[in-house]
Amino acid sequence: MSTATAIVKPVMPERHFLNDNYGIRSWLLTKDHKRIAILYLFSITFFFLIGGVFASLIRLHLLTPNGELFEADTYNKLFTMHGVNMVFFFLIPSVPAVLGNFLVPIMVGTKDLAFPKINLLSWYLYMAGGTFSMAAMVSGGVDSGWTFYAPLSSGYLKTHVIMLAVGVIIAGFSSIFTGLNFIVTVHRMRAPGMTWGRLPLFVWSNYAASLIMILGTPVIAITLILLALERGFHIGIFDPKLGGDPVLFQHMFWFYSHPAVYIMILPGMGVISEIVPCFSRKRVFGYSFVAFSSVAIAVFGFVVWAHHMFVAGISVYSALVFSLLSYAVAIPSAVKVFNWTATMYKGSIEMSTPMLYAMAFIGLFTIGGLTGLFLAALGLDIHIHDTYFVIAHFHYVMVGGMVTAYLGGLHFWWPKITGRMYPEAPAKLAALITFIGFNLTFFPQFILGYMGMPRRYWAYPPEFQVLNVLSSAGASVLAVGFLLPLLYFAWSLKYGEVAGNNPWQATGLEWETSSPPPTHNFHEIPIVTKDPYAYGEDAEVTVVH
Amino acid sequence: MSEHSHPTPGLYVVILLALVVGTCLTWGIAFVDLGKWNPVVALTIAVIKAVLVVLFFMHVHYSSKLTKVTISAGVFWLMIMITMSLSDYLTRTFLPQ
Ligand SMILES: [Cu+2]
């Protein structure tokens, strides 16, 4: 950043939340939302790496058609543990529990979340859930698939299904507590002048995701408890042999697990809504549409779940309704995509690393979303249901969308969290490698699926090998793209340039305070007088003295 | 928040009695075969009892509007799950031959 006028080099603030207190105790008993966010950052990175190892083993196995590397049973365990780790222990907590935890209180202009102790408890529950899931893993693994479908899981499998289910239930409570904290904080603790119409879109989207967390998560807990009752005590709920109904399991499971997709993606969309206006130097286009589309997605996302069950024997009339509603939920998602592009239109775009990730998100999420419509179409779904087309579709949303947004957000707020800049050149390289590796991994899977390769199979016909080798090659490129940030983020902690309060000249309260912020976020509670995205205008926030 | 009014011990006793009556009623009716109305009657009594517990024992009747809205949202979401699931179960037999 070199301009004609001499710029005073920013210095690290003397006191901030990272050096306010030292020692393991000060971290494990902290009530500071920023420190809890960092605890979460380390833990979800750990689970992401574990999930990544499983993914690598899957791709390694699929290099050859005849299933030479692993036994079929082992292969089933690999994809189950990959799914469980990534969905419940990485994707769901990623943006809310790390970036949301760190940013929501600062963005609304308050000292902490409404219930700091519950926030800490949520991390402990997450770790307890993770411990159960790890225990299930090391004591032999589980092979039910992350979806736990009954009666396979309740009556037939000999693996540690209940232990894993307990892990998922406990982790669910941690996400309920995060959601509860966000909702109460947004309702009760906004700074003076921070009206609902001035709430940053990142807060809106986390608020919407929180609604899903508290309304949906109890259902997965109940479903898995019923599953455990059937498995442990042979109480007939899902198994027809015991008088149960297997489709009921799918109804209950997807009542949570489809909205859970929006728990994962909505906060990611919030990240994009912050990055795009900042690096386009423009006010976000259609603020209220973007804000309300988050809430619309949260609400309508609850009435589309049976699109996972079109070939499971549900009534055709019901399927018709769910198909239509699934199409409808694409509308608010499209509103967001159009508004981000309209924000960029005629903007002064700076291709920084976060912006590269944001643009990757917009493209990849659009592909992921549109292929979702293929799957929501009643006729086409019969052909591509349970094939690699589905795998490719949701990895475009979850990895191409969510992980990309998470990485973009991490780069965007890294200077705020640590006080130091990451090195721009390797970061851009990592973004590029991730993008190439991602597409190489998952695009061939669309074709494989369309050609009829079923998901979760341990072997495949030899004519599918070329595309599978391409996909596995892409996975190794993707792995490099994910590992690079670990290296340069660690490097930047010591050698990174000091960032100063606002390295991006961004608007928003988080950029008003020092980097890293003081323990109570602000020296004085700010008074908000401006819209959140007043780019190109006087974006000052007055502070009362 | 609004701690100004609380249920009196007398009211607690009345609610308790109502719950006991409800339980006895459910038990008694179990001996009468009402055909397809069996679950309907049992569930109706159960719902009335649950509402009494939520309103008085859990103090929702005396709570703020926001608390009431939150609880109604939970119930409403449960209804979504039940109704939309029933949209499958109840129309399966409509299948054209
Ligand atoms: Cu879905």
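Residues numbered from 1 in each chain as written. Chains lettered and ligands numbered in written order. Predicted model: local features only at pLDDT ≥ 70, side-chain atom pairs only at ≥ 80, totals over all residues. Heavy atoms only, no water.

## Some points on the confidence of the model for chain A
Note that predicted coordinates carrying low pLDDT should not be read in detail. Of the residues in chain A, 97% reach a pLDDT of 70 or more, and the chain-wide mean stands at 93. Per-residue pLDDT stays below 50 along residues 539-545 of chain A; that stretch engages in 17 contacts with residues further than four places along the chain or on separate chains. (pLDDT = per-residue confidence, 0-100. Contact = heavy atoms within 4.5 Å.)

## Some points on the environment of Ile391 of chain A
All names here are of chain A. Within the secondary structure, Ile391 sits in helix H13 (residues 388-418). Here Ile391 falls in the buried class, since its relative accessible area comes to 12%. Measuring from C-alpha to C-alpha, the distance between Ile391 and Phe442 comes to 8.2 Å, with 51 residues separating the pair along the chain. Ignoring any residue separated from it by four or fewer positions in sequence, one finds Ile391 in contact with Gln445 and Arg455. (Helix = DSSP H or I, 4+ residues; strand = E, 2+ residues; numbered from the N terminus. Buried < 20%, exposed > 50% of the residue type's maximum accessible area, 1.4 Å probe, protein only.)

## Some remarks on H13 of chain A
Residues and elements named next belong to chain A. Where H13 bends most, at Phe412, the angle is about 45°, and the proline Pro415 comes one to four residues later. In terms of burial, H13 is largely enclosed, as 30 of its 31 residues are buried. Residue Thr387 occupies the N-cap position of H13, its side-chain oxygen lying 3.0 Å from the main-chain nitrogen of Phe389. At the C-terminal side of H13, Gly419 shows a positive phi close to 85°. (Bend = angle between axes of the 7 residues up to and from the residue. Polar contact = N/O pair within 3.5 Å; in protein donor to acceptor, adjacent residues only side chain to side chain.)

## Things to note about the side chain of Thr30 of chain A
Residues and elements named next belong to chain A. Along the polypeptide, Thr30 turns up in the loop between helix H1 (24-28) and helix H2 (33-61). A distance of 3.0 Å separates a polar side-chain atom of Thr30 from the backbone nitrogen of Asp32. Setting aside residues no more than four positions away along its own chain, Thr30 makes contact with Arg25, Arg35, Ile36, Leu39 and Leu120.

## Some details on the packing of helix H8 (residues 246-280) of chain A against helix H10 (residues 316-344) of chain A
Residues and elements named next belong to chain A. Direction vectors running N to C along H8 and H10 enclose 15°, while the axes themselves pass 9 Å from each other. Accordingly, the angle class assigned to the pair H8 and H10 is roughly parallel. As for how H8 packs across H10, the hand of that crossing is left-handed. Touching Tyr262, Leu266, Met269, Ile272, Ser273, Val276, Pro277 and Ser280 of H8 are Val329, Ser333, Lys336, Trp340, Thr343 and Met344, all from H10. In terms of residue class, the contact of H8 with H10 is made up of 9 nonpolar, 4 polar and 1 charged. (Axes fitted to C-alpha atoms, helices over the stretch in contact; angles between N-to-C directions. Parallel < 35°, antiparallel > 145°, perpendicular 65-115°, else oblique. Left-handed = near helix turned anticlockwise from the far one by under 90°. Nonpolar A, V, L, I, M, F, W, Y, C, P; charged D, E, K, R; others polar.)

## A closer look at the domain arrangement of chain B
Residue and element names in this part refer to chain B. Taken domain by domain, chain B consists of domain 1 (1-63) and domain 2 (64-97). For domain 1 versus domain 2, the separation of C-alpha centres amounts to 22 Å. Listed as interface residues are 6 residues of domain 1 and, on the opposing side, 5 residues of domain 2. Together domain 1 and domain 2 conceal approximately 380 Å² of surface at their shared face, both sides included; 67% is due to carbon and sulfur atoms. The tally of links from domain 1 across to domain 2 stands at 0 salt bridges. (Domains from an automatic or database assignment. Buried area = accessible area lost by both parts, 1.4 Å probe. Salt bridge = Lys/Arg side-chain N within 4 Å of Asp/Glu carboxyl O.)

## Some words on the pattern of salt bridges
All names here are of chain A. Enumeration according to the criterion identifies 4 salt bridges over all chains in this entry. For Asp531, the salt bridge is made with Arg283, and the minimal N-O distance between the two is 3.0 Å. Separated by 248 residues along the polypeptide, Asp531 in the segment after helix H15 (465-495) and Arg283 in the loop between H8 and helix H9 (287-300) bring together distant segments of the chain. Assessed through its relative accessible area of 38%, Asp531 is described here as partly exposed. Take Arg283: its relative accessible area is 33%, and that puts it in the partly exposed class. For Asp386, the salt bridge is made with Arg455, and the minimal N-O distance between the two is 3.6 Å. Of this pair, Asp386 sits in the loop between helix H12 (378-384) and H13 while Arg455 sits in the loop between helix H14 (424-451) and H15, and the two are 69 residues apart along the sequence. On the basis of relative accessibility, which here comes to 14%, the residue Arg455 falls in the buried class.

## Section: the coordination of the copper ion
Residue and element names in this part refer to chain A. Looking at the metal site, the copper ion is ligated by His258 (ND1), His307 (NE2) and His308 (NE2), spaced 1.8 to 2.0 Å from it. Mapping the donors of the copper ion onto the primary sequence yields the spacing H-x48-H-H. Here His258, found in helix H8, pairs with His308, found in the loop between H9 and H10; they are 50 residues apart in sequence, far enough to count as distant. Judged by its relative accessible area of 22%, His308 falls in the partly exposed class. (Donors = N, O, S within 2.8 Å, 3.2 Å for Na, K, Ca; no water.)

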